[in-house]
Amino acid sequence: MLTTSLPMLRVSDVTRQFQAQGRTVRALAGVSLSVPRGSTFSLVGESGCGKTTLARIVAGLDRASSGSVAFTADATARAPRVQMVFQDPYASLNPRWRIGRTIAEPLLFQRLRPADQVPARVAELLQRVGLSAADAEKYPHEFSGGQRQRISIARALAGEPDFLVCDEPTSALDVSVQAQILNLLKRLEAEDGLTSLFISHNLAVVRFVSTTVGVMYLGRLVEVAPTETLFDAPRHPYTQLLLAAIPRVGQGRREAAVPAGDLPSPLAPPPGCTFHPRCALAAEVCRREVPELRVLPDGAAVACHAVNGAAQPVRFMPRAA
Ligand SMILES: Nc1ncnc2c1ncn2[C@@H]1O[C@H](COP(=O)(O)OP(=O)(O)O)[C@@H](O)[C@H]1O
Ligand code: SF4
Ligand SMILES: [Mg+2]
């Protein structure tokens, strides 16, 4: 596989504000990250923290209010192609189109195949995602949720992406089919050497698919670390709370429980560290100053005054296994 020193995606200080009923919602408050070629960067965090907003900006479906999103061209000097797999396979397929037409659309739109080769390519894509060529004639309502997500994945692959954005691709599905879809995505990404941004609030899923994990809280990244480092030794108090809330195997829960205390509104975020109203370690400085994301010697980056040494010294013990 091709490797270059430049990351494939670089997101720099991206902000996004929305105007809603005369008020400003700060969905992203300055997010920076980079994704090396061939790796999977996952974003985790509670509902409303800005994951989908960032995903849409990376996929080119929305624009940042400020900051930049840059993809690095590969050796062919072609700009990387980006495709997105959405959360809801029911809402993201046109109910009036046979699925063959849905999958063919990116092929025709981007002129990736001459028209006479499109049906064969659609058949190939259907088979790649575990469906049959004859399914091209059917309508979305004839498929289960898991099959519809396979169709969405086939449509994304039809665009011959270099970079895939997956926004909670399994959270609308039955638990029993989630693993099948994740395994399919992981296999296809490996086979095609794809780079990806993966979004989920399910930490077990994230641990399974990611190279690097970024934990978001109210529009900011509060911790970014290699997957094993994050799960073995979470540094940020919010990450520690999220990990403590992972349901144990067999409990049948679909989502991690939300830590104690309400998620403050992005309409009126608290000053300083926005996590301070829920943080057991909050010190005076936390109410005044926004902590910067700083890199620790092992490569993890954390935005917390306690970890960064500006507040009272606190020893963060790696979580017991
Ligand atoms: N188009 C929009 N108009 C107004 N507010 C929005 C819009 N999109 C997202 N938001 C707000 O931005 C915040 C982040 O939303 P979102 O990115 O969907 O979070 P997540 O995907 O993590 O649940 C939320 O408060 C949400 O209500
Ligand atoms: S900066 Fe302060 S309030 Fe924020 S997470 Fe760290 S210790 Fe808690
Ligand atoms: Mg979302």
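Residues numbered from 1 in each chain as written. Chains lettered and ligands numbered in written order. Predicted model: local features only at pLDDT ≥ 70, side-chain atom pairs only at ≥ 80, totals over all residues. Heavy atoms only, no water.

> Even after reading the chapter, I still don't get the site of ligand 1, so can you show me in this structure?
By nearness alone, every residue bordering ligand 1 is listed as Phe18, Val25, Ala27, Glu46, Ser47, Gly48, Cys49, Gly50, Lys51, Thr52, Thr53 and Pro266. A distance of 3.1 Å is found between an oxygen atom of ligand 1 and a backbone nitrogen or oxygen belonging to Gly50. A distance of 2.6 Å separates an oxygen atom of ligand 1 from a polar side-chain atom of Thr53. For ligand 1, the protein covers 64% of the area, taking 560 Å² as the surface of the free molecule. Mapped by element, the contributors of at least two residues to the shell around ligand 1 are β2 (23-35) and α1 (51-58). Looking at side-chain class alone, the shell around ligand 1 contains five nonpolar, five polar and two charged residues. (Near = heavy atom within 4 Å. Polar contact = N/O pair within 3.5 Å; in protein donor to acceptor, adjacent residues only side chain to side chain. Areas by Shrake-Rupley, 256 points an atom, 1.4 Å probe, with all protein chains shown as cover. Helix = DSSP H or I, 4+ residues; strand = E, 2+ residues; numbered from the N terminus. Nonpolar A, V, L, I, M, F, W, Y, C, P; charged D, E, K, R; others polar.)

> Help me understand helix α3 (residues 118-128) in this model?
Three or four residues apart is the spacing at which side chains of an α-helix point the same way, because the helix has 3.6 residues per turn. Inspection of α3 places Val118, Arg121, Val122, Ala123, Leu125 and Leu126 among the buried residues, and these make up the whole buried set. Downstream of α3 by one or two residues, Gly130 has phi in the positive range, about 90°. (Buried < 20%, exposed > 50% of the residue type's maximum accessible area, 1.4 Å probe, protein only.)

> Would you mind going over the sheet that holds β2 with me for this structure?
Read from one edge of the open sheet, three strands run β2-β1-β4, paired in antiparallel fashion. In the strand order of this sheet, the two ends are held by β2 and β4 (66-71), each with one partner. The sheet shows a mean angle of 25° between the axes of neighbouring strands, taken without regard to direction. The pairing of strand β1 (residues 9-20) with β4 spans five bridges and is antiparallel. Bridge pairing in β4 places Ser12 opposite Ser68. On top of the sheet, α1 reaches β1, β2 and β4; it is set at about 120° to β1, its chief contact. (Pairing = 2+ DSSP bridges. Axes fitted to C-alpha atoms, helices over the stretch in contact; angles between N-to-C directions. Contact = heavy atoms within 4.5 Å.)

> Whenever I open this one, the packing of α3 against helix α4 (residues 145-158) confuses me. Can you help?
If you want to describe how two helices pack, look at the angle between their axes and the distance between the axes. Following both chains from N to C, one finds α3 and α4 inclined at 130°, their axes separated by 9 Å at the closest point. In terms of axis orientation, α3 runs oblique to α4. Between α3 and α4 lies a crossing whose hand is right-handed. Together, Arg121, Leu125 and Arg128 of α3 and Ala154, Leu157 and Ala158 of α4 make up the contact between the two elements. In the contact of α3 with α4, the residues fall into four nonpolar, no polar and two charged. (Parallel < 35°, antiparallel > 145°, perpendicular 65-115°, else oblique. Left-handed = near helix turned anticlockwise from the far one by under 90°.)

> What's the story with the packing of aromatic side chains in this structure? I'm lost.
The full count for this structure, using the stated rule, is four aromatic pairs. When the ring of Tyr238 is compared with that of Phe275, the centres are 5.3 Å apart and the planes differ by 65°; the resulting orientation is edge-to-face. In this pair, Tyr238 is assigned in helix α8 (residues 237-244) and Phe275 in the loop between α8 and α9 (284-288), connecting sequence segments 37 residues apart. Overall, Phe275 belongs to the buried group, its relative accessible area being 2%. Ring pairs connect the aromatic residues Tyr217, Tyr238 and Phe275, which therefore count as one cluster. Lying across the ring of Phe208, Lys186 places its NZ or CZ 4.3 Å from the centre. (Phe/Tyr/Trp six-rings, centres within 6.5 Å; stacked < 30°, edge-to-face > 60°. Lys NZ or Arg CZ within 6 Å of the ring centre and 35° of its normal.)

> How should empty space enclosed by the protein be read in this particular structure?
Left-over empty space is what a probe sized like a water molecule reveals as it rolls over the atoms. With the rule as written, the count across this model stands at three cavities of 30 Å³ or more. Considered as a void within the structure, the largest cavity measures approximately 90 Å³ in volume. Taken together, 13 residues line the largest cavity, and the ones lying closest to its centre are Cys273, Cys279, Cys286, Cys304 and His305. Per-class residue counts for the lining of the largest cavity are ten nonpolar, three polar and no charged. (1 Å grid on protein atoms, 1.4 Å probe; cavity = no way out; pocket = protein on both sides within 12 Å on 5 of 7 lines; lining within 4 Å. Points joined across faces, edges and corners; volume = space filled by probe spheres on them.)

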